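# Coordinate analysis (summary)
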Amino acid sequence: MKSLAIAAALVLAAGALLAGTAQAAGCLKGAAVGGIAGHYAGHHGALGAGAGCLIGRHEANKRARGQSAEDQRYDTGYRSR
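The rules behind each value
Residues numbered from 1 in each chain as written. Predicted model: local features only at pLDDT ≥ 70, side-chain atom pairs only at ≥ 80, totals over all residues. Heavy atoms only, no water. Helix = DSSP H or I, 4+ residues; strand = E, 2+ residues; numbered from the N terminus. Expected span 1.5 Å × (residues − 1). Buried < 20%, exposed > 50% of the residue type's maximum accessible area, 1.4 Å probe, protein only. Arc of directions from axis to C-beta. Patch = residues over 30% accessible without salt bridge, like charges linked within 9 Å, V, L, I, M, F, W, Y side chains within 5 Å. Areas by Shrake-Rupley, 256 points an atom, 1.4 Å probe, with all protein chains shown as cover. Salt bridge = Lys/Arg side-chain N within 4 Å of Asp/Glu carboxyl O.

## Section: helix α2 (residues 27-40)
With 14 residues, α2 extends 20 Å from end C-alpha to end C-alpha; this agrees with the ideal 20 Å at 1.5 Å per step. Listing the buried residues of α2 in full gives Cys 27, Gly 30, Ala 31, Gly 34, Gly 35 and Gly 38. Buried positions in α2, seen along its axis, are confined to an arc of 130° and lie on one side of it. When the buried face of α2 is taken as reference, the exposed residues oriented beyond 90 degrees from it are Lys 29, Val 33 and Tyr 40. One or two positions beyond α2, positive phi appears at Gly 42, with a value near 100°.

## Things to note about a nonpolar patch on the surface
A surface patch of nonpolar side chains, amounting to about 490 Å² of accessible area, comprises Met 1, Leu 4, Ile 36 and Tyr 40. Relative to the helices and strands, Tyr 40 resides in helix α2.

Set out below in structure tokens:
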């Protein structure tokens, strides 16, 4: 349990340092959730963290694509500048 707390602290510290980069979007949050879920589902925290990171990045990219398409849709048409 102590090693889990240390690992969580390291992930949070890394998240604070990498918060400004676009590449980390979704990965840290997904890794934290996946690590916890993997730990409780058979002590596979590292595997869960890896899968959570991949899923978090996928969702962040999907959200970014949707937002950019929405921005383009509102920039064209009637009364656009």
